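# Structural overview
For reference, the chains in residue letters:
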Amino acid sequence: MTLTSGLGGQLSIDLGALARNWRALDKVSAGALTAAVVKADAYGTGIESASRALHAAGARFFFVATPDEGMAVRAAVPDAHIFVLYGLYPGAANLYIRQNLMPVLSSMGMLEEWLNKCIERNEAYPAAFHFDTGINRLGFRLSEASQVRERIGQLGFAPQMIMSHLACADTPNHEKNRTQLALFGSVMSQFPAIPASLANSAGLMTGRDYHFQMVRPGIALYGGRAVNGRRNPMQPVVTLHVPILQITEGRTGETVGYGANYTLNRNSRLAVLGYGYADGILRSLSSSNQRPGGKAFIRGKLCPIVGRISMDLTIVDVTELGSDLPMPGEGAEVLGPNVPLDDQADAGGTIGYELLTSLKGRYGRNYVGDGRLPD
Ligand SMILES: *Cc1c(COP(=O)(O)O)cnc(C)c1O
């Protein structure tokens, strides 16, 4: 539900920042095409608006997970080249063709179904091939490469692109990256002259060896940290303000919230926020006396979440604000430039990806700017 009264919280999505992030990554990967991964409602930011802004910034290649997401991008960006990462849904080939969606084929069953459709219609509809080089998720096994090659060789069919996905790209020194790179090289040598793609955001930032012909950033476009242990160079895209409902006084020794597992060790002022796990904040950002939790930025200061987060409410200790107390109705920033996505995620033992894709609350949503940028 989106509030239209303007009285609730506000999720603000900066399409200008999204566009600048795409441009910055496109510079880093100069020489390769820079696609945009917009699966999961563009990481919670809204697939239509995000796709339009990315297209205006220069993106022409889009990756989605499902054919439904592909249709949403098609409607927003008529001339997009769209890859569907889930591959071919059984029985859905006609839909892909009608919508001009390219399946990322990852099994012999999918390949057969796609080739049969091409034979039936006497046209080589484009598709990418995904090879699993070590994540054991979607993809042809490496041992299937020769079988794939033989099958398409009989028909004179060529994939539009071959791709694979890195398991440990967020840790650039992890030896698995080099192993996967080498295995991907062996697949490429079996499909000479076919464009190749390996890198997600982290792979893109790790180095040119990983770029090949196309890079596939997702999280970095939305301002998230792709590589661990480094300064995140991306601009924040998402800012969320939620309303302060009430300021209350708590006495030393009293407890806060369900389970009574946070005891005040001083007389405190508490702000009660109209924001809870039903609005997409993870309950793991709760705190106890033993373990700190997430933060909210109020009147220029970061204030700690205290006690358990409940369905609709979150309690924040604002004692440090002294007499500069916020008024009921005022907003508290819970994600944004002052509360970085990944700091908040770290506090909840999760990742920025999960916080972004959980944004689905009882707050308004507004878009700032667009993808058009001065050159
Ligand atoms: C989600 C996904 C990406 C984007 O990954 P980020 O880490 O968000 O940059 C790229 N490739 C594949 C196959 C994916 O599933």
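Residues numbered from 1 in each chain as written. Predicted model: local features only at pLDDT ≥ 70, side-chain atom pairs only at ≥ 80, totals over all residues. Heavy atoms only, no water.

Under an unreviewed UniProt entry, the name given to the chain is Alanine racemase, and the organism recorded is Devosia chinhatensis. The heading Cofactor (unreviewed entry) in the UniProt record of the chain holds the text "pyridoxal 5'-phosphate". (UniProt positions renumbered as here; feature names shortened; annotations may be inferred.)

### Comments concerning the packing of aromatic side chains
Aromatic rings considered in pairs are described by the distance between their centres and by the relative angle of their planes. Counting across every chain of the model gives twelve aromatic pairs. Arranged with centres 6.1 Å apart and planes meeting at 35°, the rings of Tyr43 and Tyr353 form a pair that is tilted. Of this pair, Tyr43 sits in helix 2 (residues 39-43) while Tyr353 sits in helix 11 (residues 352-357), and the two are 310 residues apart along the sequence. Between Phe131 and Phe191, the ring centres sit 5.5 Å apart and the planes meet at 45°, which makes this aromatic pair tilted. In this pair, Phe131 sits in the loop between strand 7 (128-130) and helix 7 (145-155) while Phe191 sits in the loop between helix 8 (175-190) and strand 9 (196-197), placing the two residues 60 residues apart along the sequence. Among the residues examined, Phe131 registers a relative accessible area of 0% and is labelled buried. What links up through ring pairs into an aromatic cluster is the set Phe129, Phe131, Phe140, Phe157 and Phe191. The ring of Phe63 has Arg216 lying over it, and the distance from NZ or CZ to the ring centre is 5.9 Å. (Phe/Tyr/Trp six-rings, centres within 6.5 Å; stacked < 30°, edge-to-face > 60°. Helix = DSSP H or I, 4+ residues; strand = E, 2+ residues; numbered from the N terminus. Buried < 20%, exposed > 50% of the residue type's maximum accessible area, 1.4 Å probe, protein only. Lys NZ or Arg CZ within 6 Å of the ring centre and 35° of its normal.)

### Let's talk about the nonpolar core
If you look at the biggest cluster of nonpolar residues, it comprises 112 residues, and the most contacted ones within it are Val38, Leu54, Trp114 and Phe129. Counting contributing residues per domain, this core is built from domain 1 (31-222) and domain 2 (238-368), each supplying no fewer than three. Apart from residues lying up to four places away in sequence, Val38 is in contact with Ile47, Ser51, Leu54, Phe62, Phe63, Val64, Val73 and Tyr222. Val256, Tyr262, Leu264 and Ile315 belong to the second largest nonpolar core, which has six residues in total. (Core = buried A, V, L, I, M, F, W, Y, C linked by side-chain atoms within 4.5 Å. Domains from an automatic or database assignment. Contact = heavy atoms within 4.5 Å.)

### Section: the environment of Gly153
Assignment of secondary structure puts Gly153 in helix 7. Note on Gly153: relative accessible area 52%, which makes it exposed. Counting along the chain gives 116 residues from Gly153 to Arg269, while the straight-line C-alpha distance between them is 72 Å.

### Thoughts on the UniProt feature "active site" (unreviewed entry) in the chain
UniProt records the feature "active site" (unreviewed entry) for Lys39 and Tyr258 in the present numbering. With a sequence span of 220 residues, these residues are also far apart in the fold, their greatest C-alpha distance being 35.5 Å. Its place among the elements puts Lys39 in helix 2. Beyond its immediate chain neighbours, meaning those up to four positions away, Lys39 contacts Phe63, Val64, Ala65, Glu69 and Leu85. Tyr258 sits in the exposed class, given a relative accessible area of 61%. Here Tyr258 is in contact with Arg308 and Ser310, once residues within four sequence places are set aside.

### Side note on the side chain of Ser287
Among the structural elements, Ser287 can be located in the loop between strand 12 (268-274) and strand 13 (295-298). Since its relative accessible area comes to 4%, Ser287 is described here as buried. Looking at Ser287, its side chain comes within polar contact range of the main-chain oxygen of Ile305, at 2.8 Å. Ser287 has contacts with Asn261, Tyr262, Pro292, Gly293, Ile305, Val306, Gly307 and Arg308, leaving out every residue within four places of it along the chain. (Polar contact = N/O pair within 3.5 Å; in protein donor to acceptor, adjacent residues only side chain to side chain.)

### Structural notes on the packing of helix 3 (residues 47-57) against helix 4 (residues 67-76)
Where helix 3 meets helix 4, the axes come as close as 9 Å, and the angle between the chain directions of the two elements is 50°. By the angle between their directions, the pair helix 3 and helix 4 is classed as oblique. Where helix 3 crosses over helix 4, the two elements pack in a sense that is right-handed. On helix 4, the residues touching Ile47, Glu48, Ser51 and Arg52 of helix 3 are Glu69, Ala72, Val73 and Ala76. Considering only residue class, the contact of helix 3 with helix 4 consists of four nonpolar, one polar and three charged. (Axes fitted to C-alpha atoms, helices over the stretch in contact; angles between N-to-C directions. Parallel < 35°, antiparallel > 145°, perpendicular 65-115°, else oblique. Left-handed = near helix turned anticlockwise from the far one by under 90°. Nonpolar A, V, L, I, M, F, W, Y, C, P; charged D, E, K, R; others polar.)

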